[in-house]
Amino acid sequence: MATLVLAACGGGDGGDGDASEGGIYQDCKASPNTCNAVPAAQLQQGGSLTFAIEKNLPNWNVNSSEGNVFETGMTVKAFLPWTFTTTPDLKQVVNENLLVSAEQTSTSPQTIVYEIRPEAVWNDGTPITADDFVFQWKTMNGKDCPGCNASNNSGYNQVQSITGSNGGKTVTLVFATPYADWKNLFASGTPLYPAHIAAQHGDLNTPDGLAAAFTWLGANVPTYSGGAYQIQNWQDNVALTLVPNPQWYGRTKPALQQLIVRVITEASQEPIALQNNEVQVIYPQPQVDLVQQVQNIPGVSQYQGLGLTWEHLDLNLQNEFLKDEPLRDAIFAATSVQSIIDSTVGQFNEDVTPLKSHMFVPGIDGYEDYLPPEQGSGDVERARQILTEAGYTNIADGQQLTRPDGRAVPSFRIRYTVGNAIRQTTVELIQAQLRPLGINLEIVPTDDLGQTTDSGDYDMIVFAWVQTPASFSNAEQTWNSTSSQNFGQYQNPEVDRLMHEAATSTDLAAARDKLNEAGRILAEDAYVLPLYQKPTIIAAQDEVANARNNSSLDGPTYNMEEWGLRAAG
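Residues numbered from 1 in each chain as written. Predicted model: local features only at pLDDT ≥ 70, side-chain atom pairs only at ≥ 80, totals over all residues. Heavy atoms only, no water.

(A) Local environment of the overall build of the protein chain. Assigned secondary structure in the protein chain consists of 15 helices and 18 strands. In terms of C-alpha radius of gyration, the protein chain reaches 24 Å, essentially the compact-globule figure of 25 Å for 569 residues. Expressed as lengths along the three principal axes of its C-alpha atoms, the size of the protein chain is roughly 70 × 60 × 40 Å. Buried positions account for 61% of the 569 residues belonging to the protein chain. In the form shown here, the protein chain has an accessible surface area of approximately 20,300 Å², with 45% of it arising from carbon and sulfur atoms. (Helix = DSSP H or I, 4+ residues; strand = E, 2+ residues; numbered from the N terminus. Rg over C-alpha atoms; globule rule 2.2 N^0.38 Å. Buried < 20%, exposed > 50% of the residue type's maximum accessible area, 1.4 Å probe, protein only. Areas by Shrake-Rupley, 256 points an atom, 1.4 Å probe, with all protein chains shown as cover.)

(B) Spotlight on the state of the cysteines. Scanning the entire structure with this criterion turns up 2 disulfides. Here Cys28 connects covalently by a disulfide to Cys35, the sulfurs 2.1 Å from one another. With the S-S dihedral at roughly 85°, the linkage between Cys28 and Cys35 falls on the right-handed side. What makes Cys28 buried here is its relative accessible area of 3%. (Disulfide = S-S within 2.5 Å.)

(C) Quick look at the packing of helix 13 (residues 471-479) against helix 14 (residues 493-503). Here helix 13 crosses helix 14 at 155°, and the two axes come no closer than 9 Å. Judged on the interaxial angle alone, helix 14 and helix 13 are roughly antiparallel. As for the relative orientation of helix 13 and helix 14, their crossing is left-handed in sense. Across the interface between the two elements, Phe472, Ala475, Glu476 and Trp479 of helix 13 pack against Asp496, Met499, His500, Ala502 and Ala503 of helix 14. Among the residues forming the contact of helix 13 with helix 14, the class breakdown is 6 nonpolar, 1 polar and 2 charged. (Axes fitted to C-alpha atoms, helices over the stretch in contact; angles between N-to-C directions. Parallel < 35°, antiparallel > 145°, perpendicular 65-115°, else oblique. Left-handed = near helix turned anticlockwise from the far one by under 90°. Contact = heavy atoms within 4.5 Å. Nonpolar A, V, L, I, M, F, W, Y, C, P; charged D, E, K, R; others polar.)

(D) Quick look at helix 3 (residues 130-140). Among the 11 residues that make up helix 3, 9 are buried, leaving the element largely enclosed by the rest of the structure. When helix 3 is considered as a whole, its buried residues turn out to be Ala130, Asp132, Phe133, Val134, Phe135, Gln136, Trp137, Thr139 and Met140. Where helix 3 is buried, its residues contact strand 5 (110-116), strand 6 (159-165), strand 7 (170-175), helix 4 (195-198) and helix 5 (207-219). Just past helix 3, the residue Gly142 takes up positive phi, approximately 80°.

Keep in mind these numbers describe shape, not what the thing actually does.
This is the structure we're talking about:
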């Protein structure tokens, strides 16, 4: 019967070659926040739904540098609370499941007051309170817990105090210095963990105790929940089984009896699993063959969007050879971004173009094209000229590039996520594009992106950043000299200063100008080459309701509690 309902919606047979405009996602371009919406009362009550992710979940603390992986971030939305959500139209809105309100009540000093819903509790009945905010602040501000290795200090390091009142349900946060992106704190990218559970595993009044608790949260499968679901079972690298949290206080009760998050690390297997109805929703990294496969599955709809995710080529400045800027300039000049697009995402999405900024993506206020023209141009002759002028020799295919001091430039290891065909093609193209310079690349895939980046175990790497609309804190998290997510160890005090001034400004237009100024310096330093704003794709069985694309850090799981199956009839 569900098939008949879907057919009435226009079907997702994909045979028309434009499945993104049809099926259950036919309204997504015009109404990104409400497409595929079915009221809770009209959903089938019960049933099971399986969502595929592409990476294992080796670390459960998404607020740690090692655990801060997109798939983990999507998954924990089932059982962790947060303050602000990024909706599919890329706006930040209050998470009304957790909060009654979140307001800036003063600008001097900047003061934020969060009102937590009285009924909001963890699944053991412990109220969600200011204590949970304080624990997170201490573990992420870089001062109270130097050993925490938090994913992001930005903003947390500017907080002067957090106090609770009204039984802990009113949280008052005072900044020592203004912070433009205050809505990004405790938000979906850095959700709340239970302080009372953490306190069982470390003294929260000492740096070592905080670090012990923070580490424990990453190493142990959560039994706690402050979200719509709680974990029933976890099979490493196989599947996470979630069931409704009986203490869930949110406005929408899950209709599903069971929600499974299944790990499928080989992207090519996702359409097969979808076709076989082993999974009902996939959110893969879009690839040529995969998109074509999805388009040909009866009863399945898909939608592609461009959002806050962008691919890039990173150089590790801990490598003594890559510390030399002329070599980096030459690498970026010889790399042809357009040819990479043409051979990968351009095969199925003609809207993708080379990205020319490190700070903003098109569609976000502040985007400017500031990248030097030669970067990403594929101009091999210009690359040779740069190297020659710098004193390099043996600049030719079949040679081994040699530095001015006579030392041969060794092969560099370039890494990408295993199973991602687009990134495999990308690194193979870069390998070919650099070969005429006498630069040899060894392609080494990784199945643990977080560990690889966190440990700096690469010379060059291709991956994506998934941002939030909070551009200022994004910038500090990614590029600041002291950020734990500055994996390639880029350091420029002037860039740090500009980013800090932007993040502490109350004039958003001026702050954007400062961020672009920092970006221009960053580009001149040739540390990271932006490639393109990456398409996202969601594909679902047409019986699935309320799951839709969200091209932000939240991903489609931003409203996981609303997911369900269309009622028969």
